[in-house]
Structure formats: structure tokens, C-alpha cells
Amino acid sequence: MDLRELQGYASFFMTIFLVIMLYGYIIHLYRSEKKGEKDYEKYGNIALDDEIDSRPVDEKSEAQSEKKEQNK
């Protein structure tokens, strides 16, 4: 087994690993959107609607802002 053959096997297995990771990430996004945890389609509009007076994508709750103030 020479170096060329070893590089070929490494490239093949790295490609398979990255494809599995990509599909896992896609499934994670789909499931979290289906459960209602996050709506990732809103984040796609950030590039289209980036005016200074546009609404934030996620509104902070009062509890989060109070915790942040207490930590200061």
C-alpha cells in the first residue's frame, strides 16, 4: 500500500464522514423547526431586511434582559 492509495482511502472516508455530518445537521434543523424551538427561515431574511430600523429576528424576553443586567 503506497501513499497514493492511502490518500485515496482517506479522501473517500472523509467525504463519507462529511456527507453524514451534513445530513445530520439538516435533520437537526428540520426537527428543531418542527418542534417549534426555532424558526430558521426568519434568519434567512436578515440579509434582505437589514435596515437600521427593522425589527430584530428574536425578541428578548424580560427575564433574559434582567439576568443580563444583574450580571453586570
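Residues numbered from 1 in each chain as written. Predicted model: local features only at pLDDT ≥ 70, side-chain atom pairs only at ≥ 80, totals over all residues. Heavy atoms only, no water.

Caption draft 1: Representation of the overall build of the protein chain. A count of helical and extended segments in the protein chain gives three helices and zero strands. Moving toward the C terminus, one meets the helices and strands of the protein chain in the order α-α-α. Counting the 72 residues in the protein chain, one finds 1% classified as buried. (Helix = DSSP H or I, 4+ residues; strand = E, 2+ residues; numbered from the N terminus. Buried < 20%, exposed > 50% of the residue type's maximum accessible area, 1.4 Å probe, protein only.)

Caption draft 2: Looking closely at a negative patch on the surface. Taken together, the side chains of Asp49, Asp50, Glu51 and Asp53 define an acidic patch exposed on the protein surface. With respect to the helices and strands, the residue Asp50 is situated in the loop between α2 (40-44) and α3 (62-71). Asp50 sits in the exposed class, given a relative accessible area of 56%. (Patch = residues over 30% accessible without salt bridge, like charges linked within 9 Å, V, L, I, M, F, W, Y side chains within 5 Å. Areas by Shrake-Rupley, 256 points an atom, 1.4 Å probe, with all protein chains shown as cover. Salt bridge = Lys/Arg side-chain N within 4 Å of Asp/Glu carboxyl O. Lys, Arg positive; Asp, Glu negative; His and termini not counted. Charge placed at Lys NZ, Arg CZ, Asp CG, Glu CD.)

Caption draft 3: Highlighting the packing of aromatic side chains. If you walk through the whole model with that rule in mind, you get one aromatic pair. Their ring planes at 70° and their centres at 5.4 Å tell us that Phe12 and Phe13 sit as a pair that is edge-to-face. (Phe/Tyr/Trp six-rings, centres within 6.5 Å; stacked < 30°, edge-to-face > 60°.)

Caption draft 4: Region of the structure containing helix α1 (residues 3-35). Its 33 residues place the ends of α1 48 Å apart at the C-alpha level, agreeing with the 48 Å of an ideal helix rising 1.5 Å per residue. Two residues or fewer past α1, Gly36 is found with a positive phi of approximately 90°. (Expected span 1.5 Å × (residues − 1).)

Caption draft 5: Structural detail: the side chain of Ser32. Within the fold, Ser32 resides in helix α1. Looking at Ser32, the relative accessible area reads 4%, which means it is buried.

Caption draft 6: Molecular detail of the confidence of the model for the protein chain. Here the protein chain averages 82 in pLDDT, and 82% of its residues register 70 or above. Looking over the protein chain, one finds the lowest element-wise mean pLDDT in α3, namely 62, and the highest in α1, namely 94. (pLDDT = per-residue confidence, 0-100.)

Caption draft 7: Structural view of a nonpolar patch on the surface. Together, Met1, Leu3, Leu6, Tyr9, Phe12, Phe13, Ile16 and Ile20 make up an exposed nonpolar region whose accessible area comes to about 910 Å². For Phe13, the position within the fold is in helix α1.

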